[in-house]
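Now for the letters of each chain:
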Amino acid sequence: MRRFVGVLLEFDAAVNPEPGVARAPTAAEQAKALARLAERLGGTLEPELFIAPRGEGLDSAALDRLEDLPVDGVLLFSLDTLCHGSRVDLKGLRRCWQLGGRLALLVEDLQLLDAAEFASFIDFVLAMNLVRRRDASAAWFELVNEIGAA
Amino acid sequence: MPDLVDAEFAQRGYCIVPASRPDTLHRLRASVRDLCHELLGLPAAAAHDDAADDLDQLHRHLPDAASAARLRNDLTRALVERMPAGRAVFAAFEQWIRPLVGNDVLSQRVANVVMQPPGDPHPTELHRDAPANSPYEVIAWVPLVDCYGTKSMYLLDREASAHALQHHHRHPDDAAGLQRLLDGHAEFVSVPFGHALLFWSGLFHGSVVNAEPTTRLSLNTRFKHLFAPLGMKDPFRYFEVLETTPLTRLGLAFQREDE
């Protein structure tokens with residue numbers, strides 16, 4: 001039986017994640033969904049869960065701790081768990097993958113279970129990071145940060 | 001660039017194009033028919049049976065709007081699990097889509113299925129995709145049966161869409177005025193099976209209650225260039241990479257080492 005570690009997303013209180021859905025899922029609800037995903041992948045979810053703040057993603061200390069766990073793969077509630085602002089932390093994504101060669105993203109409905117799939121996904125992420133970096137000005141990021149801090 | 005795209009799409013924001021690989025489209029339609037039969041618990045169709053007629057007559061197995069909605073949802077899920085409809089649409093209409101989006105192509109991951117039995121009370125309201133979608137997307141609307149009159153969809157061309165938008169900005173509460181503009185400029189497109197309507201995401205479009213005697217069944221899916229500006233939709237949920245050029249692959253490999 002494979003062992004998976006889960007990473008939850010800490011939503012802002014006001015976030016409405018989908019049209020028609022009144023509130024963001026709680027940590028317990030996310031954990032339950034990840035446990036079901038682990039089961040579908042032939043394994044179980046480890047009791048120790050990580051929580052990534054939305055917009056900040058897992059920090060390197062959390063990634064260090066995660067890498068110490070004897071698990072077979074990582075289940076991310078969403079790719080947002082590795083996003084700094086609008087950009088995906090590619091190093092963090094690689095570290096999650098290298099932990100067991102199995103990485104699944106619940107919201108995006110993606111399961112990366114071999115190296116070729118992961119390499120293709122990394123290219124997609126890299127391209128989107130480039131597009132987002134190109135299309136957002138420094139002034140916009142500054143404004144977003146001000147709003148976020150307010 | 002093929003004339004249809006160059007002359008019509010550029011000017012009006014849409015064009016109706018024949019499949020460059022009709023065999024791919026026929027296979028897609030036969031697969032959709034087989035899935036519908038399976039989901040409805042009907043006997044499997046023989047290979048020689050007329051898929052067009054089977055799909056045209058789907059309403060005979062759908063007693064109410066709820067059962068049509070259920071089949072539509074089940075079919076959408078089944079397509080995701082069993083066949084990449086976006087890839088099939090791209091392959092069937094590649095000759096026309098490629099000149100619009102280029103050679104590094106993103107494809108919508110889950111093709112939308114639209115099923116409107118005669119009299120179905122849920123047509124698609126007037127809207128445009130961009131925003132929130134990127135204005136650099138093309139929508140491929142692919143009927144699996146012959147679509148005409150109210151069984152089809154309507155759209156406002158580029159100029160009429162600009163007028164409608166201007167009217168809405170100036171008179172946001174004037175629904176009657178917008179409706180008059182729509183009545184004057186909306187074009188109901190006739191798209192026979194074997195063809196696709198390609199239209200720009202900035203065009204207003206919608207549908208009305210299907211008053212024809214047969215069922216409308218169509219797919220719609222979107223394509224854009226990998227490096228074109230994004231809309232507000234999350235690209236990782238909405239798109240997948242369909243193909244990249246050798247040059248792009250080299251560039252990405254180069255940057256990957258840098259990151």
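Residues numbered from 1 in each chain as written. Chains lettered and ligands numbered in written order. Predicted model: local features only at pLDDT ≥ 70, side-chain atom pairs only at ≥ 80, totals over all residues.

Overview of the overall build of chain B
Right, on to step 1. Each helix and strand in chain B was counted, giving nine helices and ten strands.
Right, on to step 2. Compactness check: chain B gives a C-alpha radius of gyration of 19 Å against a globular reference of 18 Å for 259 residues, within 12% of the reference.
Right, on to step 3. Structurally, chain B occupies a C-alpha span of about 60 × 50 × 35 Å along its principal axes.
Right, on to step 4. Expressed as a percentage of contacts within chain B between residues at least 6 apart in sequence, the contacts between residues at least 24 apart total 86%. (Helix = DSSP H or I, 4+ residues; strand = E, 2+ residues; numbered from the N terminus. Rg over C-alpha atoms; globule rule 2.2 N^0.38 Å. Contact = placed C-beta atoms within 7 Å.)

Points about the overall build of chain A
Right, on to step 1. Along its length, chain A carries five helices and seven strands.
Right, on to step 2. When the elements of chain A are put in sequence order from the N terminus, they spell out β-α-β-α-β-β-β-α-β-β-α-α.
Right, on to step 3. Out of the 150 residues belonging to chain A, those deemed buried represent 32%.
Right, on to step 4. Sequence-distant contacts in chain A: of pairs separated by 6 or more residues, those separated by 24 or more amount to 76%. (Buried ≥ 20, exposed ≤ 12 C-beta atoms within 10 Å, placed from the backbone.)

So, the packing of helix α1 (residues 3-12) of chain B against helix α5 (residues 85-101) of chain B
All names here are of chain B.
Right, on to step 1. One can describe the packing of α1 onto α5 by two numbers: an axis separation of 9 Å at closest approach and a directional angle of 60 degrees. The angle between α1 and α5 falls in the class oblique. For the pair α1 and α5, the sense of crossing is right-handed. Contacts between α1 and α5 involve L4, V5 and F9 from the former and W96, P99 and L100 from the latter.
Right, on to step 2. Grouping the constituent residues of the contact of α1 with α5 by class yields six nonpolar, no polar and no charged. (Axes fitted to C-alpha atoms, helices over the stretch in contact; angles between N-to-C directions. Parallel < 35°, antiparallel > 145°, perpendicular 65-115°, else oblique. Left-handed = near helix turned anticlockwise from the far one by under 90°. Nonpolar A, V, L, I, M, F, W, Y, C, P; charged D, E, K, R; others polar.)

Digging into the interface of chain B and chain A
Right, on to step 1. Contacts between the two partners involve twelve residues from chain B, matched on the other side by 13 residues from chain A.
Right, on to step 2. Those elements that place two or more of their residues in the side of chain B that touches chain A are α8 (235-238) and α9 (246-258) of chain B.
Right, on to step 3. Counted by class, the side of chain B that touches chain A contains eight nonpolar, one polar and three charged residues.

Concerning the pairing of strand β1 (residues 2-10) of chain A
All names here are of chain A.
Right, on to step 1. By the bridge criterion, eight bridges tie β1 to strand β2 (residues 43-53) in an arrangement that is parallel. Bridge pairing links G6 to L49 in β2.
Right, on to step 2. Strand direction decides the pairing type here: β1 and strand β3 (residues 73-76), joined by four bridges, are parallel. By the bridge assignment for β3, V7 is matched with L76. (Pairing = 2+ DSSP bridges.)

Observations regarding the sheet that holds β2(A)
Residues and elements named next belong to chain A.
Right, on to step 1. Strand order across the open sheet formed by five strands is β2-β1-β3-β6-β7, with mixed pairing between neighbours. Edge positions in the open sheet fall to β2 and β7 (110-112), since each of these has one partner strand only. Ignoring which end each strand starts from, the neighbouring axes of this sheet average 15 degrees apart.
Right, on to step 2. As defined by bridge partners, strand β6 (residues 103-105) adjoins β7 across three bridges and the pair is classed as antiparallel.

A closer look at unusual backbone geometry
Right, on to step 1. Cis rather than trans, the peptide bond between B:A130 and B:P131 has omega equal to -20 degrees.
Right, on to step 2. The residue B:P131 is located in the loop between β3 (112-116) and β4 (137-143) in this model.
Right, on to step 3. One non-glycine residue, A:D109, adopts positive backbone phi at about 55 degrees.
Right, on to step 4. Relative to the helices and strands, A:D109 is located in the loop between β6 and β7.
Right, on to step 5. Judged by the 13 C-beta atoms lying within 10 Å of it, A:D109 is partly exposed.

Remarks on the nonpolar core
Right, on to step 1. Counting residues in hydrophobic clusters, the biggest one holds 97 residues, and the most contacted among them are A:L75, B:V89, B:F93, B:I97, B:A140 and B:L198.
Right, on to step 2. By residue number, the principal contributor to this core is α5(B), which donates ten residues. (Core = buried A, V, L, I, M, F, W, Y, C linked by C-beta atoms within 7 Å.)

Details of the packing of helix α4 (residues 115-135) of chain A against α9(B)
Right, on to step 1. Their axes nearest at 10 Å, the elements α4(A) and α9(B) cross at an angle of 85 degrees. Between α4(A) and α9(B), the interaxial angle falls into the category roughly perpendicular. Residues A:I122, A:D123, A:L126 and A:A127 of α4(A) form the contact with α9(B), whose own contacting residues are B:L252, B:Q255 and B:R256.
Right, on to step 2. Looking at the contact of α4(A) with α9(B) residue by residue, the class counts come to four nonpolar, one polar and two charged.

Points about the sheet that holds strand β8 (residues 205-206) of chain B
Right, on to step 1. Judged by pairing direction, the sheet is antiparallel, and its three strands sit side by side in the order β6-β5-β8 (chain B) without closing on themselves. The open sheet has two free edges, formed respectively by β6 (187-188) and β8 of chain B, since each of these has just one partner strand.

A closer look at the confidence of the model for chain B
Right, on to step 1. When the pLDDT values of chain B are averaged, the result is 91; 98% of them are 70 or greater.
Right, on to step 2. Scored as a whole, the predicted complex attains pTM 0.89, and scored at its interfaces, ipTM 0.84. (pLDDT = per-residue confidence, 0-100.)

Thoughts on helix α6 (residues 158-170) of chain B
Residue and element names in this part refer to chain B.
Right, on to step 1. The end-to-end C-alpha distance of α6, which contains 13 residues, comes to 18 Å, matching closely the 18 Å that a straight helix rising 1.5 Å per residue would cover.
Right, on to step 2. Within α6, the full set of buried residues consists of A160, S161 and A164. Down the axis of α6, the buried side of the element spans an arc of 100 degrees, and every buried residue falls inside it. The outward face of α6, more than 90 degrees from its buried face, is lined by the exposed residues E159, Q166, H169 and R170.
Right, on to step 3. Its buried side turned inward, α6 meets α7 (175-185). (Expected span 1.5 Å × (residues − 1). Arc of directions from axis to C-beta.)

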